[in-house]
Amino acid sequence: MKKISLIIPCYNEEECISIFDQEMEGIIERMQEYEFEILYVDDGSKDKTLQVIRRLSRDRHYVRYLSFSRNFGKEAAMYAGFCNATGDYVAVLDADLQDPPSLLPEMVRILEDGEYDSVATRRKNREGEPFIRSFFARMFYQIINKISDADIVDGARDYRMMKREMVDVVVRMGEQNRFSKGIFGWIGFRTYWYSYENKERASGETKWSFWKLLKYSLDGIVSFSQMPLNLASWMGVTCTGMSLLAILFIIFKKLAFGEDVQGWASNMCVILFIGGIQLFCLGVIGQYIGKTYAETKKRPHYIVSECSDGQVKKIG
Ligand code: UDP
Ligand code: MG
């Protein structure tokens, strides 16, 4: 009997979990030919999430959980899930039912056919999202696909189901700055894309503010592309070229017309402009050095303070 593991990252989801659990009960009932494991990852929630999950693991034999010592972020929660899931097929789902569990039977069917190694999901449109947010999101996907090796699909969600072989590779990708959509795209494998209408949260609020998303997308660019560093070099080359032309022009003017060069204001503009570009480029280099620093420390991605069984990797 094949086993399906579901990883559910939860941060302050006390209301959503019971709704999710009820929905899952129905699905598990319908898919009797499979064994299930639902692995809740409590990402340092401040509400009653842990109590709810603890109770569930007592009531249901297929529920496991682990709870972080603090909030490490959704990426760390997913990684902990991948490290500890034991199924032949492993899926990640949000606790808020925005990733409909009703798609699971279809996803398993596609994987069973053997043609694909993973089934990923994307939303059909960005309806219901603020204009600024969807504008920046579209721009982000266009930019990152141009400048990186990772094939990142616009509107892709983290909701996906993978075969064991692919999960093992994801676990091997132990980088600190995790950007899962990029990692999935970078490792390749044959992926089937499933589109569905965007759904509202079952309860509670999104944990992503605009600024958090912006930071996350910039992290994604730095993690998967060295283009910003090349940009710094090219800006340097362009500025040097322009200054050489300006020097030639000034020498020519002095020799031909003997005029003194005027223009304190224009001089200041140029100095400020070049200074700005230099600081910008330093900042870009700093971003990469910062990430390298974080990688070299090799700190764990997560620390588990409580779990349902002894097989859980406490630090990973
Ligand atoms: N989440 C998490 N840690 C965090 C933030 C979010 O584990 O620091 C979980 C959250 O509980 C949910 C999923 O990640 O199950 C997606 O979060 P959310 O619904 O806020 O994101 P959105 O769907 O708006 O992109
Ligand atoms: Mg959500």
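See the structure printed just above.
Rules behind the numbers
Residues numbered from 1 in each chain as written. Chains lettered and ligands numbered in written order. Predicted model: local features only at pLDDT ≥ 70, side-chain atom pairs only at ≥ 80, totals over all residues. Heavy atoms only, no water. Donors = N, O, S within 2.8 Å, 3.2 Å for Na, K, Ca; no water. Buried < 20%, exposed > 50% of the residue type's maximum accessible area, 1.4 Å probe, protein only. Core = buried A, V, L, I, M, F, W, Y, C linked by side-chain atoms within 4.5 Å. Helix = DSSP H or I, 4+ residues; strand = E, 2+ residues; numbered from the N terminus. Contact = heavy atoms within 4.5 Å. 1 Å grid on protein atoms, 1.4 Å probe; cavity = no way out; pocket = protein on both sides within 12 Å on 5 of 7 lines; lining within 4 Å. Points joined across faces, edges and corners; volume = space filled by probe spheres on them. Nonpolar A, V, L, I, M, F, W, Y, C, P; charged D, E, K, R; others polar. Near = heavy atom within 4 Å. Polar contact = N/O pair within 3.5 Å; in protein donor to acceptor, adjacent residues only side chain to side chain. Areas by Shrake-Rupley, 256 points an atom, 1.4 Å probe, with all protein chains shown as cover. Phe/Tyr/Trp six-rings, centres within 6.5 Å; stacked < 30°, edge-to-face > 60°. Lys NZ or Arg CZ within 6 Å of the ring centre and 35° of its normal.

1. Thoughts on the coordination of the magnesium ion (ligand 2)
Protein coordination of the magnesium ion (ligand 2) is provided by Asp96 (OD) and Gln98 (OE1), with donor distances spanning 1.9 Å. What makes Gln98 buried here is its relative accessible area of 18%.

2. A short note on the nonpolar core
Grouped together as the largest cluster of nonpolar side chains are 37 residues, with contacts concentrated most on Leu66, Phe68 and Phe82. When residues of this core are assigned to their parent elements, the largest contribution, 7 residues, is made by helix H3 (residues 74-84). When neighbours within four sequence positions are excluded, Phe68 is seen to be in contact with Val41, Asp42, Asp43, Gly44, Ala76, Ala77, Ala80, Tyr302, Ile303, Val304 and Ser305. Counting residues in each nonpolar core, the second largest holds 36 residues, with Met31, Phe36, Leu97 and Leu103 among its members.

3. Structural notes on the side chain of Glu75
Here Glu75 shows up in helix H3. What Glu75 contacts, discounting residues up to four positions off in sequence, is Arg178, Phe179, Ser180 and Tyr216.

4. Digging into the layout of surface pockets
There is about 330 Å³ of room inside the second largest pocket. Looking at the second largest pocket, it is lined by 13 residues, and the ones nearest its centre are Ala246, Ile250, Ser266, Asn267 and Val270. Secondary-structure elements contributing two or more residues to the lining of the second largest pocket are helix H9 (227-257) and helix H10 (264-297). The residue inventory of the lining of the second largest pocket, partitioned by class, reads 8 nonpolar, 5 polar and no charged.

5. Looking at the site of ligand 1
The local shell around ligand 1 holds 17 residues, among which Glu13, Asp43, Gln98, Thr206 and Lys207 are the closest. Taking Arg201, its side chain carries an N or O atom lying 2.8 Å from an oxygen atom of ligand 1. The contact in question runs from an oxygen atom of ligand 1 to an N or O atom on the backbone of Lys207, over 2.6 Å. When ligand 1 is considered free in solution it has 530 Å² of accessible area, and contact with the protein chains removes 90% of it. Class assignment for the residues of the shell around ligand 1 results in 5 nonpolar, 4 polar and 8 charged.

6. Here we look at the packing of aromatic side chains
Evaluation of the coordinates by the stated rule reveals 15 aromatic pairs. Pairing Phe179 with Phe224 gives two aromatic rings, centres 6.3 Å apart and planes at 55°, and the pair type is tilted. Here Phe224 lies in helix H8 (residues 210-224) and Phe179 lies in the loop between helix H6 (164-172) and helix H7 (180-187), a separation of 45 residues in the sequence. In terms of burial, Phe179 and Phe224 fall into one category: buried. Members of the aromatic cluster, connected to one another through ring pairs, are Phe140, Tyr141, Phe179, Trp208, Tyr216 and Phe224. Directly above the ring of Phe72 sits Arg70, whose terminal nitrogen or CZ lies 3.9 Å from the centroid.

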